[in-house]
Amino acid sequence: FSPVEDRPGWADSVRCARVVFRGQELGVVAELSRSAASNMGIKKKTAFAEINFTNLFRLSSSASRSYEEPDKYPAVIRDLAFVLHDRILYNEVKKEIESADSLIRKVELFDAYSGNKLEAGEKSLAFHISFQSSERTLTAEEVDTVVASLIRRLEDRFEARLRD
């Protein structure tokens, strides 16, 4: 993603980005501007994207393909929900989780919540976190140790707390 010089009329002036792949612009993604949303009767924040699928398919079909051998050892999945300040971006939290330990292989957001069950200015982000080793089957104790370290790391970095 990169900044937009000439944004579409429907796009917010700040929350707007060009979608670029291999140096070629594929389109734009943006939050709908307040005036455009009002004209369409939309009351909630809404994002739109304009993607040139012809260019996308052309570029993706020319991408090299590689084969990756399936993992020999099973993954361990843990679901963790963190409560944090609503100004903290999902991508920051995801990157922090991914970089916390080499046993963390995959991080997926499956729920985002803000509402009356949380304090004002707070949100909850819940993640499926996949732990896996390419050398052995992980024990529950190994995963518990990584999870405890991860929780401390998010507490320190974002003042996050584990949601009950």
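Scroll up to find the structure.
All residue numbers refer to position in the chain's written sequence, counted from 1. Totals for whole chains, interfaces and linings use all residues, but because this is a predicted model, local features are given only for residues with pLDDT of at least 70 and pairs of side-chain atoms are given and counted only at 80 or more. The basis for every side-chain value is the complete set of heavy atoms in the structure, and neither hydrogens nor water enter the calculation.

Observations concerning the pattern of salt bridges
Note on definitions: salt bridges are taken to be side-chain nitrogens of Lys or Arg within 4 Å of carboxyl oxygens of Asp or Glu. This model, assessed by the stated rule, comprises 9 salt bridges. In this structure, Arg18 engages Glu25 in a salt bridge whose closest nitrogen and oxygen atoms are separated by 3.0 Å. In this scheme, a residue with accessible area under 20% of its type's maximum is buried, one over 50% is exposed, and one in between is partly exposed, where area comes from a 1.4 Å probe on protein chains only. With relative accessibility at 26%, the residue Arg18 sits in the partly exposed group. Overall, Glu25 belongs to the partly exposed group, its relative accessible area being 42%. Glu108 is the salt-bridge partner of Lys106, the closest N and O atoms lying 3.6 Å from each other. Glu108 sits in the partly exposed class, given a relative accessible area of 38%. Residues joined in a network through salt bridges with shared partners are Glu96, Arg153 and Arg157.

Concerning the side chain of Gln132
Relative to the helices and strands, Gln132 is located in the loop between β6 (122–131) and α4 (140–158). Reaching out from Gln132, the side chain makes a polar contact with the backbone oxygen of Tyr73 at a distance of 2.5 Å. Residue contacts are defined here by distance: any two heavy atoms, one from each residue, within 4.5 Å place the two residues in contact. Those residues within four positions of Gln132 in sequence are excluded, and the remaining contacts are Asp71, Tyr73, Pro74, Ala75, Ser102, Leu103, Arg105 and Leu138. The helix and strand labels rest on DSSP assignments: H or I over at least four residues marks a helix, E over at least two residues marks a strand, and numbering proceeds from the N terminus. Within 3.5 Å is the distance limit for a polar contact, defined as a pair of N or O atoms, with the added protein rule that one can donate a hydrogen and the other accept it, and that residues adjacent in sequence qualify only through two side-chain atoms.

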